[in-house]
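Coordinate inspection notes
Listed below, chain by chain, are the residues.
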Amino acid sequence: MFSYCSDPSVLSGMSWLSCYLTTGKHMGFYVSFGTVLLLLAITAPTALAFGFAGASAARSALAPLRWIGKSYIAVVRGVPDIAFFLFFIIALDQGIEYLRHKALCSDWDQPIRQGNDFLVCDAAKMPLGTAPQWVHESYGFTLAVLTFAIVFGAFAANVLFGAMRAVPRAQIETAEAYGMTPRQSFWRILVPQMWVFALPGLSNLWMVLIKATPLLFLLGVEDIVYWARELGGTKTSRFTDYPHGDWRVWYFLFLLVFYLAFTRVSEVLLDKLMKRLTHGQATTAGEAQRKAA
C-alpha cells in the first residue's frame, strides 16, 4: 500500500479510492480471480477425462462395465448440483478421515459416530490441525476440483456417448474391412471423428461450468463471490479504516462484466475451434465451408 495511505482520514476523492482498492482484502479479491481461472483450467480437462472414461464404459461390450458407465451418467446427472456438492464434499472428507483413523489410531476406544458428530483422532484429521493455512486451502480446493470434475464429467460423458454414436457406422465397418481391430478402429476412426459431433454439447457444458464457479463459495473456498459479498457489505469506522455503505451492487456488477467478457472470449475461441474441426468433414458445417471456398 502507498505510504500516504497510512492515514485514510485525510484522504479524499481518487486518493481515498486508490488506497481503498489496494488494501490487503482487495488483494485477496484480485487473487480470487486467479483461483476461479485455475479451477476452470484444471477442472475442464479432468471432467473431460471422466466423461471420456464414462462414455467408453457406457458403450463397452462388457455388461458390468457398461452398467457402471450408464449408472455414473444417470445418477450424477439426476442429482441436483448443489445437493451433490454439499453431500459429496462431506462424505469424501469423512471417508478419508475414517480410513486414516482406522490405520493410525488403533488404540481409539470411542465410537466415531456420536449423534450428529463425526469424531476421529487428531492424527487422522485432513488436513492436520498443525498444518499451515495454505495446506488447508489447497485441500479444500482439491476437493472442489474433484467434485466439479465428477459432476461435469457425467454430463460430458453423456455428450461424448451421443457423439460416438453419431459417427457413421460405415466408417467403422470400412476400418474393419481393412483389417483393423476394434481397438484400432476406436482410436483411429471413432475418436478423431466424434469431436465434431461433441463440440456443440461440450461448448454448452463449458459455459455452464463457468457459471457454476460461484458454487466454490458453498464449498468453503474464498472465491470472487465470497470477496464481493465481504467487501461490498456495509462497513463502519469501528471495524475498518475505509467505512462505506452497501456497495455490493457495484462489486457484483463488476463480476457480471467479468463473466460476460469471459464467456464472450470463450464463444470466439470455440467458434474458431469448431471451424477447424469441421473443415473437410461430411457435416453441414463442413459442406458450408466447401461452398464458401
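Our structure's up above, just so we're on the same page.
Residues numbered from 1 in each chain as written. Predicted model: local features only at pLDDT ≥ 70, side-chain atom pairs only at ≥ 80, totals over all residues. Heavy atoms only, no water.

In this section: the overall build of the protein. From N to C terminus, the protein includes 10 helices and two strands. Starting at the N terminus and walking to the C terminus, you meet the elements of the protein as α-α-α-α-β-β-α-α-α-α-α-α. Relative to the compact-globule value of 19 Å for 293 residues, the protein shows a C-alpha radius of gyration of 25 Å, a clear excess of over 25%. Along the first, second and third principal axes, the C-alpha set of the protein runs to 80 × 65 × 30 Å. In the protein, which comprises 293 residues, the proportion classed as buried is 37%. (Helix = DSSP H or I, 4+ residues; strand = E, 2+ residues; numbered from the N terminus. Rg over C-alpha atoms; globule rule 2.2 N^0.38 Å. Buried < 20%, exposed > 50% of the residue type's maximum accessible area, 1.4 Å probe, protein only.)

As for its position among the elements, Thr-23 is in the loop between α1 (13-20) and α2 (24-58). A distance of 2.9 Å separates polar atoms of two side chains, one belonging to Thr-23 and the other to His-26. (Polar contact = N/O pair within 3.5 Å; in protein donor to acceptor, adjacent residues only side chain to side chain.)

For the rest of this paragraph, the subject is the packing of aromatic side chains. Each aromatic ring pair is described using two quantities: the centre-to-centre distance and the angle formed by the ring planes. For the coordinates displayed, the defined rule picks out 15 aromatic pairs. On the basis of an interplanar angle of 45° and a centroid distance of 6.1 Å, the ring pair of Phe-52 and Phe-186 is categorised as tilted. With a gap of 134 residues between them, Phe-52 in helix α2 and Phe-186 in helix α7 (residues 182-212) connect regions that are remote in the sequence. We note that Phe-52, like Phe-186, is buried. Note on Phe-258 and Tyr-259: the rings are 5.3 Å apart at their centroids and 65° apart in plane angle, and the pair reads as edge-to-face. Both residues of the pair, Phe-258 and Tyr-259, count as buried. Connected via pairs of aromatic rings, a cluster forms that spans Phe-29, Tyr-30, Phe-33, Trp-206, Tyr-251, Phe-254, Phe-258, Tyr-259 and Phe-262. (Phe/Tyr/Trp six-rings, centres within 6.5 Å; stacked < 30°, edge-to-face > 60°.)

Time to look at the environment of Ser-18. The residue Ser-18 is located in helix α1 in this model. The spacing of Ser-18 and Phe-50 is 32 residues in sequence and 45 Å in space, taken between C-alpha atoms.

This part covers the pattern of salt bridges. Under the counting rule described, the total for this entry stands at six salt bridges. As a salt-bridge pair, Arg-169 and Glu-173 come within 3.7 Å of each other at their nearest N and O atoms. Of the two residues, Arg-169 and Glu-173 both sit in helix α6 (residues 169-177), four residues apart, roughly one turn of that helix. Taking relative accessible area as the criterion, Arg-169 reaches 48% and is therefore assigned partly exposed. The class for Glu-173 is partly exposed, based on a relative accessible area of 43%. Of the charged contacts, one joins Glu-176 and Arg-169 as a salt bridge, the two residues approaching to 3.7 Å between their closest N and O atoms. Within this structure, Arg-169, Glu-173 and Glu-176 form a network of salt bridges that share partners. (Salt bridge = Lys/Arg side-chain N within 4 Å of Asp/Glu carboxyl O.)

Another point: the packing of helix α5 (residues 133-166) against α7. As a packed pair, α5 and α7 sit with axes 8 Å apart at the nearest point and diverge in direction by 140°. The orientation of α5 with respect to α7, classified from their angle, is oblique. The two elements α5 and α7 meet at a crossing, and its hand is right-handed. In contact with Phe-148, Phe-152, Phe-155, Ala-156, Val-159, Leu-160, Ala-163, Met-164 and Ala-166 of α5, α7 contributes Phe-186, Leu-190, Met-194, Trp-195, Phe-197, Ala-198, Gly-201, Leu-202, Leu-205, Val-208, Leu-209 and Ala-212. Here the contact of α5 with α7 is composed, by residue class, of 20 nonpolar, one polar and no charged. (Axes fitted to C-alpha atoms, helices over the stretch in contact; angles between N-to-C directions. Parallel < 35°, antiparallel > 145°, perpendicular 65-115°, else oblique. Left-handed = near helix turned anticlockwise from the far one by under 90°. Contact = heavy atoms within 4.5 Å. Nonpolar A, V, L, I, M, F, W, Y, C, P; charged D, E, K, R; others polar.)

Relative orientation and spacing of two packed helices are given, respectively, by the angle between their axes and the distance between those axes. The N-to-C vectors of α2 and α5 enclose an angle of 45°; their axes lie 5 Å apart at closest approach. As summarised for this structure, α2 and α5 are arranged oblique, according to the angle between their axes. With respect to the hand of their crossing, α2 and α5 are arranged in right-handed fashion.

A few words on the nonpolar core. In this structure, Phe-29, Phe-148, Phe-152, Met-194 and Ile-224 are the most contacted members of the largest nonpolar core, which totals 66 residues. For this core, the leading source of residues is α5, giving 16 residues. Judged by nonpolar contacts, the second largest core, of six residues, contains Cys-105, Phe-118, Val-120 and Cys-121. (Core = buried A, V, L, I, M, F, W, Y, C linked by side-chain atoms within 4.5 Å.)

Its 31 residues place the ends of helix α9 (residues 248-278) 44 Å apart at the C-alpha level, agreeing with the 45 Å of an ideal helix rising 1.5 Å per residue. Every buried residue belonging to α9 is among Tyr-251, Leu-255, Phe-258, Tyr-259, Thr-263, Ser-266, Leu-270 and Thr-278, and all of these are buried. (Expected span 1.5 Å × (residues − 1).)

Along the polypeptide, Glu-97 turns up in helix α4 (residues 81-104). The residues contacting Glu-97, other than those within four sequence positions of it, are Phe-118, Val-120, Ala-124, Lys-125 and Met-126.

Interpretation in functional terms is not warranted from these geometric data alone.
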